[in-house]
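Given next are the chains, with one letter for each unit.
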Amino acid sequence: MNDVKERLIYNNNKLYRKAVFVNDFYTVVAIVYESLLSRLDEAEKQLFFDTMTLTGIEIFERYLGITVPAGTSIEERRNNVKANWLAARGKKFTLKMIQEICLAWDKGRVDVSFTSGKIKIAFLEIYGIPSFIDSLRKTIDRIKPAHLPYEFIYQLHTWGDVKTHTWDFFKNNTWEYVKSGDWQNG
């Protein structure tokens, strides 16, 4: 604030720079100016899904009709808003649209195909059932034609994968981690 105030006072005539009135006036102006800059920074964050704050997320959730379970993280809420926004764009339904929605959460590779009259969604870089699957299911149900069924294909570790590691590697982990954890890349 002092930097803004000093610059404003410096722009005045030398005769008025030390006046009490000028000092008090520019103190108030600097406070308002800093508040305005802060609000502009906040508004700028709302422009992108990755930087959106809770304020922006709540506005989009109301607009898109999204109900959020208690305890949902802000990152998952951002991803849910992004996926529902992509789904609500009013475009004709395509498999590419489902792929974009899945990528809003996954950040990895997803293969979406249509075989035997069914939409198949395969997660290629996530092991096990993703934590966001319920939200993804609701979003897909909103955009797909009602007569088209779909299924998710999850990737799990096989016994062959497990045999490549020693018991010491797994003994401090849970069965769920061994079955669907991302330990093969680590």
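Summary of the structure given here. Since the model is a prediction, treat every value here as computed from it, not as a measurement.

**Topic: the overall build of the protein**
Alright, step 1. Across its full length, the protein holds 9 helices and 3 strands.
Alright, step 2. N-terminal to C-terminal, the α/β element order of the protein is α-α-α-α-α-β-β-α-β-α-α-α.
Alright, step 3. Projected onto the principal axes, the alpha-carbon positions of the protein cover approximately 85 × 50 × 25 Å.
Alright, step 4. Looking at the protein residue by residue over its 186 residues, the buried ones come to 33%.
Alright, step 5. Taking all contacts inside the protein whose residues are at least 6 apart in sequence as the whole, residues at least 24 apart take part in 44%.
Alright, step 6. About 12400 Å² of surface is accessible on the protein, with carbon and sulfur atoms providing 57% of the total.
Alright, step 7. Computed over 26 positive and 23 negative side-chain charges, the inter-centroid distance for the protein is 4 Å.

**Digging into the side chain of Thr 53**
Alright, step 1. Tracing the sequence through the fold places Thr 53 in the loop between α2 (20-45) and α3 (54-64).
Alright, step 2. Look past the residues within four positions of Thr 53 in its chain and what remains in contact with it is Glu 42, Lys 45, Gln 46 and Ile 74.

**Topic: the pattern of salt bridges**
Alright, step 1. According to the stated counting rule, one finds 6 salt bridges in the structure shown.
Alright, step 2. Note that Glu 100 is salt-bridged to Lys 96, the shortest N-O span being 3.6 Å. Residue Glu 100 and its partner Lys 96 are both found in helix α5 (residues 95-106); the two are separated by 4 residues, about one turn of the helix.

**Section: the sheet that holds strand β1 (residues 110-115)**
Alright, step 1. Judged by pairing direction, the sheet is mixed, and its 3 strands sit side by side in the order β1-β2-β3 without closing on themselves. Across the chains shown, the open sheet's two edge strands, defined by having one partner strand only, are β1 and β3 (150-155). Adjacent strand axes in the sheet meet at a mean angle of 20° when their direction is disregarded.
Alright, step 2. Both strand β2 (residues 118-127) and β3 contribute to a ladder of 5 bridges, which runs parallel. Residue pairing in the sheet places Tyr 127 in a bridge with Gln 155 of β3.
Alright, step 3. Packing against the sheet, helix α6 (residues 133-143) makes contact with β2 and β3, and its axis sits at approximately 155° to β3.

**A look at unusual backbone geometry**
Alright, step 1. Despite not being glycine, Ser 116 shows a phi value in the positive range, around 55°.
Alright, step 2. Its place among the elements puts Ser 116 in the loop between β1 and β2.
Alright, step 3. You can call Ser 116 exposed: its relative accessible area is 77%.

**Some details on α6**
The periodicity of an α-helix, 3.6 residues per turn, causes residues three or four positions apart to be oriented the same way.
Alright, step 1. Listed in full, the buried residues belonging to α6 are Ile 133, Ser 135, Leu 136, Thr 139, Ile 140 and Ile 143. All buried residues of α6 lie within an arc of 160° about the axis, which places them on one face of the element. Within α6, the exposed residues directed more than 90 degrees away from the buried face are Asp 134 and Lys 138.

**What about the pairing of β2?**
Alright, step 1. Relative to β2, β1 runs antiparallel, the two sharing 6 bridges. What sits directly across from Thr 115, in β2, is Lys 118.
Alright, step 2. Hairpin connection, β1 to β2: the antiparallel pair is bridged by 2 residues, and Ser 116 has positive phi, about 55°.
Alright, step 3. Where the polypeptide runs from β2 across α6 and back to β3, its parallel neighbour, the crossover connection is right-handed.

**Some remarks on empty space enclosed by the protein**
Alright, step 1. Inspection of the entire model under this criterion finds 1 cavity of 30 Å³ or more.
Alright, step 2. By volume, the largest cavity is sized at about 30 Å³.
Alright, step 3. Lining the largest cavity, in full, are Glu 61, Val 68, Pro 69, Thr 72, Glu 76, Arg 77, Asn 80 and Ser 135.
Alright, step 4. Residues belonging to the lining of the largest cavity are distributed by class as follows: 2 nonpolar, 3 polar and 3 charged.

Rules and cut-offs
Residues numbered from 1 in each chain as written. Predicted model: local features only at pLDDT ≥ 70, side-chain atom pairs only at ≥ 80, totals over all residues. Heavy atoms only, no water. Helix = DSSP H or I, 4+ residues; strand = E, 2+ residues; numbered from the N terminus. Buried < 20%, exposed > 50% of the residue type's maximum accessible area, 1.4 Å probe, protein only. Contact = heavy atoms within 4.5 Å. Areas by Shrake-Rupley, 256 points an atom, 1.4 Å probe, with all protein chains shown as cover. Lys, Arg positive; Asp, Glu negative; His and termini not counted. Charge placed at Lys NZ, Arg CZ, Asp CG, Glu CD. Salt bridge = Lys/Arg side-chain N within 4 Å of Asp/Glu carboxyl O. Pairing = 2+ DSSP bridges. Axes fitted to C-alpha atoms, helices over the stretch in contact; angles between N-to-C directions. Arc of directions from axis to C-beta. Right-handed = clockwise from strand over helix to strand, strands pointing away. 1 Å grid on protein atoms, 1.4 Å probe; cavity = no way out; pocket = protein on both sides within 12 Å on 5 of 7 lines; lining within 4 Å. Points joined across faces, edges and corners; volume = space filled by probe spheres on them. Nonpolar A, V, L, I, M, F, W, Y, C, P; charged D, E, K, R; others polar.

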